[in-house]
Amino acid sequence: HRWLLGMGSAPHHDRLRHVGSGGISRLNAVVLGEALAAEENDLVFPSHDFSRHAHISSPEQYQNMYERSIEDPAGFWSNIASQFCWKKRWNPEVCSENIDVRRGTVKIEWFKGGVTNICYNALDRNIEAGNGDKVALYWEGNEPGQDAQLTYAQMLEKVCQLANYLKNVGVGKGDTVIIYLPMLMELPIAMLACARIGAIHSVVFAGFSAESLSQRIVDCKPKAMISCNAVCRGAKVIHLKEIVDTALVESVNSGVPVDLCLIFENKSAMKRESTKWQIGRDVWWEDVVPQFPTKCLVEWVDAEDPLFLLYTSGSTGKPKGVLHTNGGYMVYTATTFKYAFDYKPSDVYWCTADCGWITGHSYITYGPLLNGATILVFEGAPSYPDPGRCWDIVDKYKVTILYTAPTLVRALMRDGDEYVTRYSRKSLRILGSVGEPINPSAWRWFYNVVGDSRCPISDTWWQTETGGFMITPIPGAWPQKPGSATFPFFGIQPVIVDEKGNEIEGECTGYLCIKKSWPGAFRSLYGDHERYETTYFKPFAGYYFTGDGCSRDKDGYHWLTGRVDDVINVSGHRIGTAEVESALVSHPHCAEAAVVGVDHEVKGQGIYAFVTLVDGIPYSEEVRKSLILAVRNQIGAFAAPDKIHWAPAIPKTRSGKIMRRILRKIASRQLDELGDTSTLVDPSVVDQLIALIDH
Ligand code: ATP
Ligand code: MG
């Protein structure tokens, strides 16, 4: 069990010597002894065959690379960066940083002086390498049977046409373009077209309301906007253009007019005749873009020129415009994609996220295409027309890598195994999870049922701010523990600190911080560098503060415990909401749980749990008691919920995360202080919960 002891704790090089070779040979013994993935205690091993073919196939190999990445980051990353196309090589320093607020302004630069273009590297470079005819993108529409595909060469042509159009209407280097599109192929095309001409894209998730959209427009003052008339999601038609119109009226009122709106006609959802139009401002994509040449010279940019702005999901307050730049982001997303998913050229990769989130930026568009991968872009809803849709898609395209979120895993788990087992899923090789801690029971279901107990799961912990994976399994290298994101990626030095900012060693729980910068780190918050410093670098001087809590176990594995704002202090015990939720979800009748703290006269804080039951199970006193018992048994009596609130559904942000801010208000009965609920997927869920308060 102690085979990796010390590996995850304060992983600077002097700690690395503590990795016992006995542990590694134990791993090899188990892997060699049993040909298939062996589940021993809580360790889930990759199969011998999997490891043998993996880029990184043993802890030692990881260890060597990791050590180099920490001891000589400049050399390590320069080596990798050299595989990309640069018009001019970067300065000899490679990286210059100050992340210590006590030493002045926070500043991070990687590959400064280097001149490159991420679109060129994602498309032209792969075509020059002979992959022009390889499928870059499969597109699956909302309705089964609606599909399309583009090779790398075709995709480049489309990108160039749009890039030429944008240039023609005066969009140039450094200008911002808002992209408000659903998951059409035009979405990654639009991102790449902006990148090609050095414009800064800011994708706004097409589920956001007019108010949220206008807020973002006012913040980043775009030169142009790209959207479409409508989209079908499941059985619903959403009139995006109407939302755009409303948002643009609001932004004019706030003194930020947008002069140009390029609208794609999404014919299957809505005909152009029924679309409201503002002459002079609105232009149909199909009327102009195809007339432009299919070749467009690249605008070479400095590595530190901005690539995009992306507003975080806002589950913790006013959205922050996270700013990423070109060079470091390119190198980091490509490298993390390659290793965390053990990418091979024959893979078909599907990430169920939306390009409106960072996951869709780094791991639908940039990371995979930079590797020359074939990606799948899915427009529809995962349970439409039935809960088997995902597996139907996996079989149809022979998807090998499936990257999704715990919220979807839990939803599909709730729908029952039959929808999964009906399909072959033989093509699957690797599964991935992101967005929240994945409860061990959901992990096991994902692993055993979806992956037939043969596909490693990469539970990737990272953030909009980090650009790419930070703590993640490397699937062929070491065994996993269900619910743990395992160990740091190359170049990443996670540390766990106490309230005073002291690093804690060994087995512990505390605040997760990162020492030093990494190529994919965000460089600022748009227009508010002070907020950047205050939020991320001041709480624990000398570190980047992630806002998340984390435990490290005796084997050095990292367990994310959720946002530190969500830690509940019951009679002096600090309890992560994720822990209690996992215990509840492990109960066979519980489909989903959301736990928040409420004031408690005696204990300081009490635990209040919102619980959704599996379909067909009615809520009863007996169920309530057995749910509480599950928590008592798994964590201890001190963590037993004081209140179970039956919730037919739980309010979620549009990125699928539980909106705890609102749940806290409901739990403490501050019903007139719920705040803005417009960013919820379904605001009516809140009323349902209020109606069930005394149930
Ligand atoms: P905001 O910062 O606006 O409140 P957000 O934090 O939800 O929004 P993201 O950057 O998309 O926006 O999400 C990052 C957060 O998601 C992490 O800080 C962490 O809390 C959680 N998270 C992501 N992946 C994982 C994972 N694999 N395990 C545990 N938690 C995760
Ligand atoms: Mg966040």
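Residues numbered from 1 in each chain as written. Chains lettered and ligands numbered in written order. Predicted model: local features only at pLDDT ≥ 70, side-chain atom pairs only at ≥ 80, totals over all residues. Heavy atoms only, no water.

Student: How should the pairing of strand 22 (residues 430–433) be read in this particular structure?
Tutor: Successive residues of a regular strand alternate their side chains across the two faces of the sheet. In strand 22, alternate side chains face the same way, and those of Ile430 and Gly432 on one face and Leu431 and Ser433 on the other are all buried. One ladder, built from four bridges, connects strand 21 (residues 401–404) with strand 22; its direction is parallel. Counted as the bridge partner of Ile401 is Ile430 from strand 22. For the segment spanning strand 22, helix 18 (residues 440–450) and strand 23 (residues 457–459), crossover handedness is right-handed. (Buried < 20%, exposed > 50% of the residue type's maximum accessible area, 1.4 Å probe, protein only. Helix = DSSP H or I, 4+ residues; strand = E, 2+ residues; numbered from the N terminus. Pairing = 2+ DSSP bridges. Right-handed = clockwise from strand over helix to strand, strands pointing away.)

Student: Hey, could you run me through the side chain of Ser212 in this one?
Tutor: For Ser212, the position within the fold is in helix 10 (residues 210–220). What makes Ser212 buried here is its relative accessible area of 4%. Discounting chain neighbours no more than four positions away, the residues touching Ser212 are Ser678 and Thr679. (Contact = heavy atoms within 4.5 Å.)

Student: What am I meant to see in the sheet that holds strand 3 (residues 86–88) here?
Tutor: Within a sheet, neighbouring strands are paired by backbone hydrogen bonds and run either parallel or antiparallel to one another. Strand order across the open sheet formed by three strands is 3-6-16, with antiparallel pairing between neighbours. Of all the strands in the sheet, the pair left with one neighbour each is strand 3 and strand 16 (301–302). Examined bridge by bridge, strand 6 (residues 115–116) and strand 16 share two bridges and lie antiparallel to one another. Residue pairing for strand 16: Thr116 is matched across the bridge by Val301.

Student: Where do I start with the packing of helix 20 (residues 577–585) against helix 21 (residues 621–634) in this structure?
Tutor: When two helices pack together, you describe them by how their axes are tilted relative to each other and by the distance separating the axes. Two elements in contact, helix 20 and helix 21, have axes separated by 8 Å at closest approach and are oriented at 120 degrees. Taken as axis vectors, helix 20 and helix 21 run oblique relative to one another. When the axes of helix 20 and helix 21 are compared, the crossing they make is right-handed. Here Val580, Ala583 and Leu584 of helix 20 lie close against helix 21, whose contacting residues are Leu627, Ala630, Val631 and Gln634. Split into classes, the residues belonging to the contact of helix 20 with helix 21 amount to six nonpolar, one polar and no charged. (Axes fitted to C-alpha atoms, helices over the stretch in contact; angles between N-to-C directions. Parallel < 35°, antiparallel > 145°, perpendicular 65-115°, else oblique. Left-handed = near helix turned anticlockwise from the far one by under 90°. Nonpolar A, V, L, I, M, F, W, Y, C, P; charged D, E, K, R; others polar.)

Student: Which parts of the structure should I look at to understand the sheet that holds strand 24 (residues 493–497)?
Tutor: Reading across from one edge, 24-25-27-28 is the order of the four strands in this open sheet, with antiparallel pairing throughout. In this open sheet, the two edge strands, each paired with only one partner strand, are strand 24 and strand 28 (558–563). If you compare each strand with its neighbour and ignore which way they point, the axes differ by 45 degrees on average. Across five bridges, the pairing between strand 24 and strand 25 (residues 508–515) is antiparallel. Paired with Gln493 across the two strands is Lys515, which belongs to strand 25.

Student: Please clarify how the packing of aromatic side chains should be interpreted in this entry.
Tutor: Centre distance and the angle of the planes are the two values used to describe a pair of aromatic rings. Throughout the structure, instances matching the rule amount to 52 aromatic pairs. Relative to Trp462, the ring of Tyr363 has its centre 5.0 Å away and its plane inclined at 85 degrees; by these criteria the two rings are edge-to-face. Here Trp462 lies in the loop between strand 23 and strand 24 and Tyr363 lies in helix 14 (residues 358–370), a separation of 99 residues in the sequence. By the burial criterion, Tyr363 is buried, and Trp462 matches it. Their ring planes at 85 degrees and their centres at 4.8 Å tell us that Phe522 and Tyr536 sit as a pair that is edge-to-face. Taken together, the positions of Phe522 in the loop between strand 25 and strand 26 (524–525) and Tyr536 in helix 19 (residues 529–537) put the pair 14 residues apart, joining distant regions of the chain. Each of the two residues, Phe522 as well as Tyr536, counts as buried. One aromatic cluster is present, formed by Tyr62, Tyr66, Phe76, Trp77, Tyr332, Tyr339, Trp478, Phe487, Phe489, Phe490 and Tyr557 through successive ring pairs. Above the plane of the ring of Phe208 lies Arg216, whose end atom (NZ or CZ) is 4.3 Å from the centre. Directly above the ring of Tyr557 sits Lys481, whose terminal nitrogen or CZ lies 4.6 Å from the centroid. (Phe/Tyr/Trp six-rings, centres within 6.5 Å; stacked < 30°, edge-to-face > 60°. Lys NZ or Arg CZ within 6 Å of the ring centre and 35° of its normal.)

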